[in-house]
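# Understanding the architecture of this molecule
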Amino acid sequence: MSRAFSLYLDAVRFLAALLVLFYHANWIYRPGIVFTSLGHEAVVIFFVLSGFVIAYVADTREQDFRGFMVARGARIFSVAIPAIILTALLDAVGYHISAAVYPEGYQAWDLPLVRVITSTLFLNEIWTLGIQLFTNVPYWSLNYEVWYYVLFGVLFFFEGRRRWVVFGLLCLLVGPKIVLLLPVWWMGVWVYRSEYLAQLPKSTAWLCLILSLLGGYWYVHVNMGQWGWDYLKELMGPDLHLQLSFSRQFFTDYYLGAMLSLHFIGLRVLLANVDDLPKRLVLTIRYLAGATFSIYLFHQPLLWFYSAVFSSVEEGFPRYLLVVPCTLLSAIVLANFTEKRKDVWKKWLEQLLQLLEQAGSRFRQVLAR
């Protein structure tokens with residue numbers, strides 16, 4: 001992967017995080033522009049990107065399933081655990097300051113222990129469950145993505161019949177909602193692992209890029225996401241459609257994932273030999289991209305918290321101008337203590353696994369006596 005293409009993926013990742021933030025900020029003030037209406041589409045971007053990046057790191061860094069899962073665990077838990085704690089604290093303080101700013105649909109504070117446990121184990125969205133982490137609605141996608149990591153690790157590192165048996169059992173565990181969006185995530189894996197796609201002539205790469213831009217424009221122009229939602233609802237019936245939760249427009253998510261895949265296929269070829277980039281640009285994008293996970297997982301409770309803090313400010317655009325920048329800056333600062341410290345979490349996970357392995361060894365010795 002060339003330096004330029006890697007940097008482009010980082011820029012896209014940061015842009016996707018902003019799309020989600022501005023989408024949820026519509027509750028405070030709705031600017032009425034396309035950029036602020038693409039929250040679910042941003043998650044599709046994250047899924048395709050994630051598949052590509054995970055395939056890359058598994059191919060170039062991790063040597064076995066244990067190392068792969070420790071690295072992924074460090075990445076996830078370094079932000080997920082602080083997000084669970086911070087969401088609870090911010091919700092409690094913000095609601096105490098101004099309960100009026102919290103919409104009813106975000107007041108998910110009953111059964112707090114259940115919400116914390118299922119969020120920690122990433123079980124919020126298995127089968128027909130839909131357990132919201134307090135006000136932190138975006139946490140749902142992590143309950144999909146973590147299982148995609150595990151499923152990929154099984155297929156990549158396991159061998160023979162065991163690979164497919166474990167894969168099938170895990171699919172049965174997580175249920176149809178999560179499995180339905182797995183093809184979107186796997187498109188990124190396919191783009192990375194296809195040697196044929198990496199060797200396309202530049203003329204074909206340009207065609208892929210142009211088609212992806214036209215296809216993306218058409219998706220937005222005809223509001224295809226809403227069409228996919230409505231079509232599936234009519235096809236499946238409202239009750240069954242409701243059970244699909246965040247997978248309720250998987251049909252058009254496949255289309256959008258395909259357009260994104262075409263986009264990355266084309267640009268990877270076109271940027272293959274571009275390595276001479278301005279240092280300041282590289283440092284800026286790398287720094288911002290290093291905070292995208294924190295922006296994604298912290299922004300929703302921060303938005304409500306700052307809405308409560310600035311509740312005395314006039315509703316609408318004046319409050320929006322205070323809440324959104326404070327949310328973004330706070331998430332970027334928090335990233336320095338969360339995802340940018342994932343190496344510390346990796347050491348902790350390694351130590352925990354060693355302790356568990358030692359305990360298991362002693363237990364087996366006791367049973368053998």
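Worth saying up front: this structure is predicted, and the values here are computed from it rather than measured.

### Examining the overall build of the protein
Summing up its helical and strand segments, the protein has 17 helices and zero strands in all. In terms of C-alpha radius of gyration, the protein reaches 21 Å, essentially the compact-globule figure of 21 Å for 369 residues. The dimensions of the protein, computed from C-alpha atoms along their principal axes, are 70 × 65 × 50 Å. Burial status across the protein gives 50% buried among its 369 residues. A fraction of 79% describes how many contacts in the protein between residues 6 or more apart in sequence connect residues 24 or more apart. Carbon and sulfur atoms provide 65% of the accessible area of the protein, an area that totals close to 18,600 Å². For the protein, the centre of its 29 positive side-chain charges and the centre of its 24 negative side-chain charges are spaced 8 Å apart.

### Points about the side chain of Ser 294
Positionally, Ser 294 belongs in helix 15 (residues 292-309). Ignoring anything within four residues of it in the chain, the contact list for Ser 294 reads Val 79, His 299, Ala 331, Leu 334, Ala 335, Thr 338 and Glu 339.

### Brief notes about the packing of helix 2 (residues 39-60) against helix 13 (residues 250-270)
Two numbers describe how helix 2 lies on helix 13: the axes approach to 10 Å, and their chain directions differ by 50°. In terms of orientation, helix 2 lies oblique with respect to helix 13. In this structure, helix 2 meets helix 13 at a crossing whose hand is right-handed. Where helix 2 approaches helix 13, its residues His 40, Glu 41, Val 44, Ile 45, Val 48, Leu 49 and Phe 52 are matched on the opposing element by Asp 253, Leu 256, Gly 257, Leu 260, Ser 261, Phe 264 and Arg 268. Split by residue class, the contact of helix 2 with helix 13 holds eight nonpolar, three polar and three charged.

### Regarding the pattern of salt bridges
One pass over the full model with this rule turns up eight salt bridges. Between Glu 357 and Arg 66 there is a salt bridge, and its shortest N-O distance comes to 3.1 Å. Here Glu 357, found in helix 17 (residues 342-368), pairs with Arg 66, found in helix 3 (residues 65-97); they are 291 residues apart in sequence, far enough to count as distant. When its relative accessible area of 42% is taken as the criterion, Glu 357 is described as partly exposed. Glu 125 is paired through a salt bridge with Lys 177; the nearest N and O atoms lie 3.0 Å apart. Of this pair, Glu 125 sits in the loop between helix 4 (112-120) and helix 5 (140-157) while Lys 177 sits in helix 7 (residues 176-180); the two residues are 52 residues apart in sequence, bridging distant segments of the chain. Among the residues examined, Glu 125 registers a relative accessible area of 3% and is labelled buried. Classification of Lys 177 by relative accessible area gives buried; the value is 2%. Through salt bridges with shared partners, a single ionic network connects Asp 10, Arg 13 and Arg 286.

### Comments concerning the side chain of His 24
Mapping His 24 onto the fold places it in helix 1 (residues 3-24). Judged by relative accessible area, His 24 falls into the buried class, the value being 10%. A distance of 2.9 Å separates polar atoms of two side chains, one belonging to His 24 and the other to His 299. Dropping the residues within four chain positions of it, His 24 is found in contact with Tyr 106, Pro 138, His 299, Gln 300 and Leu 303.

### Things to note about the environment of Met 187
By the secondary structure assignment, Met 187 is in helix 8 (residues 182-193). According to the relative accessible area criterion, Met 187 is buried, its value standing at 17%.

### Considering the nonpolar core
In this structure, Phe 47, Leu 142, Tyr 148, Trp 185 and Phe 264 are the most contacted members of the largest nonpolar core, which totals 103 residues. Among the nonpolar cores identified, the runner-up in size contains six residues, and Val 101, Tyr 102, Tyr 106 and Ala 308 belong to it.

### Thoughts on the packing of aromatic side chains
On inspection of all chains with the given rule, the structure shows 42 aromatic pairs. For the pair Phe 65 and Phe 158, a centre-to-centre distance of 5.0 Å together with 65° between the ring planes defines the contact as edge-to-face. With a gap of 93 residues between them, Phe 65 in helix 3 and Phe 158 in the loop between helix 5 and helix 6 (160-174) connect regions that are remote in the sequence. What makes Phe 65 partly exposed here is its relative accessible area of 24%. Relative to Tyr 139, the ring of Phe 122 lies with its centre 6.4 Å away and its plane at 10°, an arrangement referred to as stacked.

### Thoughts on unusual backbone geometry
One non-glycine residue with positive phi stands out, namely Phe 134, at about 50°. With phi around 55°, Asn 223 is a residue other than glycine that occupies positive phi space. Residue classification places Asn 223 among the partly exposed residues on the basis of a relative accessible area of 47%.

How each quantity is defined
- Residues numbered from 1 in each chain as written.
- Predicted model: local features only at pLDDT ≥ 70, side-chain atom pairs only at ≥ 80, totals over all residues.
- Heavy atoms only, no water.
- Helix = DSSP H or I, 4+ residues; strand = E, 2+ residues; numbered from the N terminus.
- Rg over C-alpha atoms; globule rule 2.2 N^0.38 Å.
- Buried < 20%, exposed > 50% of the residue type's maximum accessible area, 1.4 Å probe, protein only.
- Contact = heavy atoms within 4.5 Å.
- Areas by Shrake-Rupley, 256 points an atom, 1.4 Å probe, with all protein chains shown as cover.
- Lys, Arg positive; Asp, Glu negative; His and termini not counted.
- Charge placed at Lys NZ, Arg CZ, Asp CG, Glu CD.
- Axes fitted to C-alpha atoms, helices over the stretch in contact; angles between N-to-C directions.
- Parallel < 35°, antiparallel > 145°, perpendicular 65-115°, else oblique.
- Left-handed = near helix turned anticlockwise from the far one by under 90°.
- Nonpolar A, V, L, I, M, F, W, Y, C, P; charged D, E, K, R; others polar.
- Salt bridge = Lys/Arg side-chain N within 4 Å of Asp/Glu carboxyl O.
- Polar contact = N/O pair within 3.5 Å; in protein donor to acceptor, adjacent residues only side chain to side chain.
- Core = buried A, V, L, I, M, F, W, Y, C linked by side-chain atoms within 4.5 Å.
- Phe/Tyr/Trp six-rings, centres within 6.5 Å; stacked < 30°, edge-to-face > 60°.

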